Every structure is written in C-alpha cells, then in structure tokens.
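Chain by chain, the residues run as shown.
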Amino acid sequence: MNKTGADIILETLAREGVEVVFGYPGTNCLPILDRMSDSPIKHYLVRHEQAAAHAADGYARATGKTGVCLSTSGPGATNMVTGIATAYMDSTPLVALTAQVTSDLLGSDAFQETDIIGITMPITKHSFLISRVEKIESKLQEAFEIARSGRPGPVVVDLPIDVVTAQYEGTVKKKPTFAKKKAARGREIETKVREIARRLNEAERPIIMIGGGIKLADACMPVSELIEKGRLPFVTTMMGIGSVHSPNGFNLGFIGTHGSELANRAVHQADFILAVGTRFSDRSTSKIEQFAPLATIAQIDIDATSIGKNIKSDIALVADIAEAVRGLTPLIEKKQRSAWMDRIATERAQIEEKHLSNGFGQVASFIGAVQGIMGEDAIAVADVGLNQIWTLRSWRSNTPRGLLTSGGMGTMGFSLPAAMGATVGSPDRAVIVFTGDGGFFMNIQELATISYYNLPVKVIVFNNGHLGMIRQFQDLFYDARFNACKLGDKADITAIGQGFGIPSEKVTLADAITAIERMKQAAGPYLLEVFVDPDNYVYPIIPPGGSNIEMIYGRPK
Ligand SMILES: Cc1ncc(C[n+]2csc(CCOP(=O)(O)OP(=O)(O)O)c2C)c(N)n1
C-alpha cells in the first residue's frame, strides 16, 4: 500500500521517540489525526492550543525529551504562539506541528491561512514549511535534531494539507542537512579551561553562577562535583534552581529581582564569577552596569549567542558545559577561603533574621509542608506572580526537573497545562501546580482536559482576589493607587473545580496544611483553593531600575 504524507509524519515521529502529542484539531490537520489513530502515538486533546504548546513544554521540561504539539492552521497555529515563545525563552526542545492550507492557496488570504512561519520566526530556533511529500521525513528529522541540539528550543513545522495527503512512493532516507554550529574543540577548550582554572584557584571570593543550561546539557553532576571539590559557593538563575544539590551550604539561592538577598550580595562582592549555562538575562542581573562590579567573569555555554549578549565576559568558552567542567574539576584546588566563607555565613545569619520578621513565613511553611507530604520526588509547577516567587523561594528542589516555571517569558497561565504535560511524561511523580487566581483563570479550560483524562494533577490556587504582584507594585511604587489589579470574590473557584468534575475544597492559609493530606490521598486530580491576604507580598524585592544590592523590605522611603 502506498503511504501518504501523514503516514510518513507518524512513522518519523515514532522513530524520533515521540509517544504523545498534545493538540487540537481543525479540518486541515484531520489527515494527520486520522493516521494517528493507527499509530502508537497517543494524542491528548487539550481545550485551547496555547495549552497544547505549554503541555508539550511541561512534558519536555519534566522528562528531558522533545515535546510535540499539533494545531490546525490559522487561529489554531496563532493560539500556540505564546506557548512557543515561552519554550523559546527557556530553551525547551519542542516541535510544533501546524497544519496549513493547500500549497496553491498560500499567500492568497485563504480561509484559515496564516503565515505562521513568518509570525514565529523570532521565537523559534528554526521553522520549515514542507513543500513536498518526499521532504517530510528528512525535514522532520532535521526539526527534531535542531530542537534538541546545542541550546535547545522550539521548531515550527508547517504542513500544507495537500503535502500531507499526497502519496509517497520514495524510499530514500535523507540524513539531516542541518550543519551544527561548531563548538570550540580540543586545544582551544583545553587552553580556556586551564585559564579558567588558574583564575578560579587565584580568586579570593569566587562564585559559580548556574543557569538552566546546565540541566539541558546534562551537566548537573559535573558542576556539583566541581562545587564540592573546590568548596565553591554558588548562585543560580531562576531557571538554574534545583540543578545542583549541595548538602554543604554552598547554595546561596537564586539571584535577581526576586531572588535571594544573600545570592545578590555575594555576586556583588565576588572577585571571580564562573557562569555556566546562562545568558545573564536582566531578570538575573537587574541594573546591568552595577552587576558584579568587582568580578572577572568567565562564561561557558554551548550557545555562542549567549556569550557576551548581556554582560561582557572576560573569558568566554563556547563548548559543551559537561565536557568543559569535567576538564576543569581536576585542575581546581580545594581551598578554605575562610574570610570569604565567614563573610557569607555572617550575611546569611543577618538576612535570615530579617526574613523571620516579615509575612512571607506562613506561605513558605505551607509550601514546605506540601513538599514534605507529597514527597521529595514531587514536581512543583509554579505560575507567575507572587505565587511564583513564593514557590521558587520555598520549594527545596533537589532534582534538576523538580521545579518547572516560565522564567524567561513569565507567562501567566503556564502552570496548569505545563503540569498536565509533566504528569503525562512523569506519571510516577506527584505534580503540583502553585498558581495565583489570575494565572489560574488564564488557562482554566484545561481543568476539563485534566478531568477528562483523570490526570492526577494537584492544583493549589492562592486566592488573594487580586493580581497580587501588580497590586504590590502599585502599592510600593505608584503610591498605592490601585487600578486594574482587583479580581474580586464573585467567582467561586472551588465550585468551578467541582463543576469540571475535580474534587475541590476551600481553605484558609492557616488551615491549609491539614488539607494537603486529603489532596495526597486523592487518586486523581484535586484542587485546593487557599485564601491568602492580599497584603501578603514578596519581600525583599528590587525596585524597578535598582541594582541587585538595592533590595527593599517595604515601601521605598
Ligand atoms: C500573560 C501575562 N499577562 C500579564 C502578565 C503580567 N503579570 C505578571 S504577574 C501578574 C499578576 C499575577 O496575578 P495572580 O495570577 O493572581 O498571582 P499573584 O501575583 O496574586 O500570586 C501579572 C498580571 C504576565 N506575566 N503574563
């Protein structure tokens, strides 16, 4: 029997190891869905295409595999744009398949025609429109290769329906033609690694700065070994949280606007920073001119464009991080650096005292209790807003894939669909969403998907009746002139959860801990609506335009 383009698509996906696709149909993708019924690949029908992209993203973040989403042409494809951009900003390997109108109608403003290649050009690693059935296999292989290689990211593959339905008679399996950007090799790596080792050994106040790139590069173990061998204090970016487990107190927390004061202060005082797998985004550096003013900066990254993009590095090495760090560790001396470590310990004690005296403690202990009850292996998926910062600061993620969040894009509504994907990819791990009421409303329709497939996602909605983070900014920096931040209390989130067929209950923050056990016992999904005082803000915080050491604990004077 002759094969069609759709058969080739499904065979190629299966060969690439794809087991699930998150999608939403339209007539232009029906030929693919029709053939999918006969393939081992399972299709999860989401309730909005944005969620398909986030679910594929969450699946990829939780598993390390490449996520796949599918939409129809036109509005289906444009609905995925936010999800694709979110994956792009956090370097998630994703292949987004978009159906397209027939080739002869391209460019004619046909019904449901959209130039999705043009629209997604700046937010993808690459995008293809496949113009002939013979090219489907090689182009799809190439898409997967690009999505997962080097610095991973999303690739859009646009599939005109006539190409998908065309008969395929060829037998040739083409090799991917994508030429990988050449990383520095051999001699050059060795020379740079030696230089980094020398500077690191000479440093009196070194800091290792860890970005999400080390998870993507499978470099968590080599970096942990470097840290333990050299007794090197480290900070992470938001995306780097959980990548290195340090039982010896070398972890100073994550840096940046909402980061830990200890981490920010240490970076400010450091005389040498080795940055691995980070592009120094402004969320980490705050005011760039005042970032790490005393430090020589060395940077290792597989992605040449991440080097010197935001911060000028004194020593730059484009290389596989795991490989480079494995070469570096044997050259590192074990040094005491008592003065530096004492200084860090003193600051840590001072800062902890300040923390005890602000309202953050109650939320933190609730999140800590959730983790304690749900187990070490549980995955937290944080949304965006105060809830995100509470979660990032409180969830003790000791595994690289234990805390998922939209760091680069800060996409509200990410958590619920991403958690669906994480659950599908990691069915043995508990998956818990922490979201605000605002972010929850943004992809609320996915409760239907969760309920339909009985995915055991545990959803915790912090209901403060407000867009809490916006309220905090207006309170602190706009003279408490509140506008467009109140959501009110008319919507009954618990009733909504129940309406979607999900066991749900309301609790106050004070009573919430007892409800966690009930949430854990539920075999399927569960929703906990936790009421939080709208004045419960995140402190310390860096005011807009401030530097990393200008963290404040209340209204600026
Ligand atoms: C899609 C999207 N729109 C707007 C924003 C800007 N924004 C950042 S935080 C926030 C408020 C979040 O409110 P909520 O979800 O209730 O969480 P809370 O801060 O109360 O925890 C907004 C509107 C965003 N990050 N994403």
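Since the model is a prediction, treat every value here as computed from it, not as a measurement. Along each chain, numbering runs from 1 in the same order as the chain's sequence is written. Thresholds applied to this predicted model are a pLDDT of at least 70 for local features of residues and 80 or more for the giving and counting of side-chain atom pairs; totals over whole chains, interfaces and linings are not thresholded and use all residues. Note that water and hydrogens are dropped before the side-chain values are worked out from all heavy atoms of the structure.

As for the pairing of strand β6 (residues 126-129)
A regular strand places its side chains so that they alternate between the two faces of the sheet. Basically, it comes down to this: Two strands form a pair only when DSSP identifies at least two bridges running between them. Put simply, DSSP marks the helices as runs of H or I at least four residues long and the strands as runs of E at least two long, and each gets a number from the N terminus on. Place the viewer so that the strands point away; then a crossover is right-handed whenever the path from the first strand over the helix to the second strand goes clockwise.
Examined bridge by bridge, β6 and strand β7 (residues 154-160) share four bridges and lie parallel to one another. Along β7, the bridge assignment pairs Leu129 with Asp158. The β-α-β motif built from β6, the intervening helix α7 (residues 136-148) and the parallel element β7 has right-handed crossover chirality.

Remarks on the sheet that holds strand β18 (residues 457-463)
Selection criterion: Axis definition: a line fitted to C-alpha atoms, limited for helices to the stretch in contact. Angles are taken between N-to-C directions and run from 0 to 180 degrees.
As summarised here, the arrangement of the six strands in space is β16-β15-β17-β18-β20-β19, forming an open sheet in which the pairing is parallel. Each end of this open sheet is capped by a strand with a single partner; those strands are β16 (403-405) and β19 (504-508). Averaged over all pairs of adjacent strands, the angle between strand axes in this sheet comes to 20°, irrespective of strand direction. Relative to β18, strand β17 (residues 431-436) runs parallel, the two sharing six bridges. In the strand pairing of β18, Val431 is matched with Val457.

Some thoughts on the nonpolar core
In a soluble, globular protein the nonpolar side chains are often hidden away together inside. For clarity, the threshold we go by: Only buried residues count toward a nonpolar core. Its members are Ala, Val, Leu, Ile, Met, Phe, Trp, Tyr and Cys residues joined through side-chain atoms within 4.5 Å. When accessible area is computed with a 1.4 Å probe and restricted to protein chains, residues below 20% of their type maximum are described as buried, those above 50% as exposed, and intermediate ones as partly exposed. Either an automatic procedure or a domain database provided the assignment from which the domain bounds are taken. We call two residues contacting when some pair of their heavy atoms lies within 4.5 Å.
If you look at the biggest cluster of nonpolar residues, it comprises 46 residues, and the most contacted ones within it are Phe22, Cys69, Val381, Phe440, Val459 and Leu527. Here this core spans two domains, since at least three of its residues come from each of domain 1 (3-168) and domain 3 (359-531). Apart from the residues lying within four places of it in its own chain, the contact partners of Leu527 are Phe440, Leu447, Val459, Val461, Ile493, Gly497, Ile502, Pro503, Ser504 and Glu505. Residues Val363, Trp395, Leu528 and Val530 belong to the second largest nonpolar core, which totals 40 residues.

Let's talk about the domain arrangement of the chain
Under the convention used in this document: Accessible area, probed at 1.4 Å, shrinks when two parts are joined; the buried area is that loss added up over both. For salt bridges, the criterion is a side-chain nitrogen of Lys or Arg within 4 Å of an Asp or Glu carboxyl oxygen. Here a polar contact is recorded for every N or O atom pair within 3.5 Å, except that within protein the pair must consist of a potential hydrogen donor and a potential acceptor, and residues adjacent in sequence are included only if both atoms are side-chain atoms.
Split into domains, the chain comes out as domain 1 (3-168), domain 2 (186-351) and domain 3 (359-531). Measuring from the centre of the C-alpha atoms in domain 1 to the corresponding centre in domain 2 gives 37 Å. Between domain 1 and domain 2, the contact holds seven residues from the first and eight residues from the second. At the boundary of domain 1 with domain 2, total buried surface from both sides reaches about 580 Å², with 57% on carbon and sulfur atoms. Area buried by domain 1 at its contact with domain 2 is led by Met89, Asp90 and Arg151, which between them contribute 65% of it. Close ionic contact of Arg151 with Asp303 constitutes a salt bridge, the shortest N to O distance being 2.7 Å. Linking domain 1 with domain 2 are three residue pairs in polar contact (both at pLDDT 80 or more).

A few points about the sheet that holds strand β4 (residues 67-71)
As summarised here, the arrangement of the six strands in space is β3-β2-β4-β5-β7-β6, forming an open sheet in which the pairing is parallel. Looking at which strands have only one partner, the edges of the open sheet turn out to be β3 (42-45) and β6. On average, each strand axis in the sheet is tilted by 20° relative to the strand beside it, whichever way the strands run.

As for the pairing of β17
Burial of β17 is extensive: six of the six residues sit out of reach of the surface. The side-chain alternation of β17 yields two buried faces, one formed by Val431, Val433 and Thr435 and the other by Ile432, Phe434 and Gly436.

What about the site of the ligand?
This is how it is decided: Working definition: residue near molecule or strand if any one of its non-hydrogen atoms lies within 4 Å of it. Under the convention used here, a 1.4 Å probe and the Shrake-Rupley method define accessible areas, while residue burial counts only the protein chains that appear. Each residue is assigned to one class: nonpolar for Ala, Val, Leu, Ile, Met, Phe, Trp, Tyr, Cys and Pro, charged for Asp, Glu, Lys and Arg, and polar for all the others, Gly among them.
Every one of the 17 residues lining the ligand counts as a neighbour, but Leu386, Gly410, Gly438, Gly439 and Gly468 are closest to it. Here an oxygen atom of the ligand sits 2.9 Å away from a polar atom, N or O, in the side chain of Asn387. At 2.8 Å from an oxygen atom of the ligand is found a main-chain nitrogen or oxygen belonging to Gly468. Protein coverage of the free-state accessible area of the ligand, which is 590 Å², stands at 77%. If you tally residues by element for the shell around the ligand, the top one is helix α19 (residues 437-442), at four residues. Here the residues of the shell around the ligand are counted per class, giving seven nonpolar, nine polar and one charged.

Focus on the packing of aromatic side chains
How we decide: Under the pairing criterion, centres of Phe, Tyr and Trp rings, with the six-membered ring standing for Trp, must be within 6.5 Å; the plane angle then separates stacked pairs below 30 degrees from edge-to-face pairs above 60, leaving the rest tilted.
Tallied over the entire structure, the rule returns 12 aromatic pairs. Where Trp390 meets Phe462, the ring centres are 5.4 Å apart and the plane angle is 80°; that geometry is what we call edge-to-face. Of the two residues, Trp390 sits in helix α17 (residues 386-394) while Phe462 sits in strand β18, which places them 72 residues apart along the sequence. Relative accessible area serves as the criterion here: at 1%, Trp390 is assigned to the buried category. With a relative accessible area of 1%, Phe462 lands in the buried category.

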